[in-house]
Amino acid sequence: MLDIQAQLFEAKDVRFGPIDHETHPEIESRWTHDAEFMRLMEIKPVRPLSPMMVKKKYEAVEKDMDEQKNLFYFTIRTREDDRFIGKALIEMVDWSNGNGYLQIGIGEAEFRRMGYGSQALNMLLRYAFGELNLYRVTAVVPAYNQGAIRLFQKFGFVEEVRRRKALHRDGEFWDIIGFGLLNAEWREQFNGRG
Amino acid sequence: MKDIYCGTLVRLASFSPEVMARNFLKWDRDTEMQRLSDVVPTQLWSEKKIKEYVEGWKESETSYRFAICPLEEEKFIGMVSLWVSSWNHGEAWLGIYIGEREYWGKGYGTDAMRLIVQYGFTELNLRRISLGLHAFNERALKSYLKVGFQMEGCERGGFLRDGVRCDDYVMGLLREDWIAAQSAR
């Protein structure tokens, strides 16, 4: 039976919210000055962004969500005080094949390693499989991002692709790992509820 | 200096939007070819729209697209391209198709592959080249292996057509492996 009462955007300690164009640019601008965080998240060259640049990015994100219909973007907030601590998104959704790419990041350093990313991924998967009806999701992770690798493995993701030495940072070469999770695998594990 | 655009069966060439649009108009009708070479739903576009689309290509500094021409004849039989996904890491994605079916399975595609890979490593100075293909595309797989690409993974059920789920492969070729193979030849 359809569990219509389930709240898709509420977890134990965190919730999903929309972008707040007034207060979030300042906060995310601060995260972009954290090179460690940015290099865990991004493959393209990292650079600090001003609040105005982040604001422009948000506008582009919402324009894409509205017009392309292949991007689903959430901000992660603490339930306690609605504080903006990270983001979770499904992008490049390929509707004809039922595939989408996931990204999750906790930008506020003090909220890392508390299981909040895990709660956010749980919601994101339920949304991808229960709301968008995707057949599969993909997460692309640098091989040095041990935290992300552990998180995706915990949720049953399978290592599918390893682009050898695709990253070159600080004079070292790293693989880029593609993790995949099928709707059917997720359903079997979490009984369709997450 | 050697002609890096010239192989043993084909050469890589520039193209005008008008001429290429007429080729695409014809090739777009071949849904087998479209489904073999892409993941997006096959569609039919007007000559005007295709021409505008092709004109847009020349503004890009991350994509390098060439028409494939047989040496013996002044005509286009397909396209081959590199999209640089990250200059900082030296990686690009390769895409190729032969639109003219009578040139399938005769080595023309493989010859074009050798040229574009050489272009990627010696002109763009890439560190690695990546590509994706549907698992059922055996002709492509054979060609990519011949050029030196190695299997790097399989995205399970990444492609759905006619109700059938198919896997997609990802392959990669590293600069050092390509150079070692060149000097061994």
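In this text the structure is predicted, and so the values were computed from the model without any measurement.

Q: Please set out the interface of chain B and chain A residue by residue, giving values where relevant.
A: By a widely used convention, the size of an interface equals the accessible area lost when the partners come together. Listed per partner, the contact involves 22 residues of chain B and 23 residues of chain A. At the level of elements, β5 (128–134), β6 (150–161) and β7 (164–174) of chain B are the ones that each hand at least two residues to the side of chain B that touches chain A. Per-element accounting of the side of chain B that touches chain A gives the leading share, 9 residues, to β6 of chain B. Here the side of chain B that touches chain A is composed, by residue class, of 7 nonpolar, 9 polar and 6 charged.

Q: Please provide a residue-by-residue account of the packing of helix α1 (residues 24–32) of chain A against helix α3 (residues 51–67) of chain A, values included.
A: Residues and elements named next belong to chain A. At a closest axis distance of 8 Å, the pairing of α1 and α3 adopts a crossing angle of 110°. Here α1 is positioned roughly perpendicular relative to α3, judged by the angle of their axes. For the element pair α1 and α3, the recorded crossing hand is right-handed. Packed against α1, whose contacting residues are H24, P25, E26, E28 and S29, the element α3 presents P51, V54, K55 and Y58 at the interface. Residues that form the contact of α1 with α3 fall into these classes: 4 nonpolar, 2 polar and 3 charged.

Q: Outline the pairing of strand β4 (residues 99–106) of chain A, listing residues and values.
A: A regular strand places its side chains so that they alternate between the two faces of the sheet. All names here are of chain A. Across the 8 residues that make up β4, a large majority, 6, are buried. Relative to β4, strand β3 (residues 84–94) runs antiparallel, the two being bridged by 7 bridges. Its bridge partner lying in β4, G86 is registered against I106. Counted along the chain from β3 to the antiparallel partner β4, the turn is 4 residues long, and its residue G98 has a positive phi close to 70°. Each parallel crossover has a hand, and the one from β4 via helix α4 (residues 116–131) to strand β5 (residues 136–142) is right-handed.

Q: Explain α4 of chain A residue by residue, including any values.
A: All names here are of chain A. If you check α4, its first and last C-alpha atoms are 21 Å apart, about what 16 residues at 1.5 Å a residue would give, namely 22 Å. The buried fraction of α4 amounts to 12 of the 16 residues, a majority that puts the element mostly inside the structure. Restricting attention to buried positions, one finds in α4 the residues Y116, G117, Q119, A120, L121, M123, L124, L125, Y127, A128, F129 and G130. Immediately beyond the C-terminal end of α4, within one or two residues, lies N133, with a positive phi of roughly 60°.

Q: Please provide a residue-by-residue account of the pairing of β5 of chain B, values included.
A: Residues and elements named next belong to chain B. Here β5 lies mainly inside the structure; 6 of its 7 residues are buried. Bridge count for strand β4 (residues 91–98) against β5 is 3 bridges, and the pairing is parallel. Note on β5: the bridge partner recorded for W93 is S130. In this view, the connection linking β4 to its parallel neighbour β5 by way of helix α4 (residues 108–122) has right-handed handedness. In this sheet, β7 lies alongside β5 in antiparallel orientation, the contact comprising 7 bridges. For H134, the partnering residue across the bridge sits in β7 and is D168.

Conventions adopted
- Residues numbered from 1 in each chain as written.
- Chains lettered and ligands numbered in written order.
- Predicted model: local features only at pLDDT ≥ 70, side-chain atom pairs only at ≥ 80, totals over all residues.
- Contact = placed C-beta atoms within 7 Å.
- Helix = DSSP H or I, 4+ residues; strand = E, 2+ residues; numbered from the N terminus.
- Nonpolar A, V, L, I, M, F, W, Y, C, P; charged D, E, K, R; others polar.
- Axes fitted to C-alpha atoms, helices over the stretch in contact; angles between N-to-C directions.
- Parallel < 35°, antiparallel > 145°, perpendicular 65-115°, else oblique.
- Left-handed = near helix turned anticlockwise from the far one by under 90°.
- Buried ≥ 20, exposed ≤ 12 C-beta atoms within 10 Å, placed from the backbone.
- Pairing = 2+ DSSP bridges.
- Right-handed = clockwise from strand over helix to strand, strands pointing away.
- Expected span 1.5 Å × (residues − 1).

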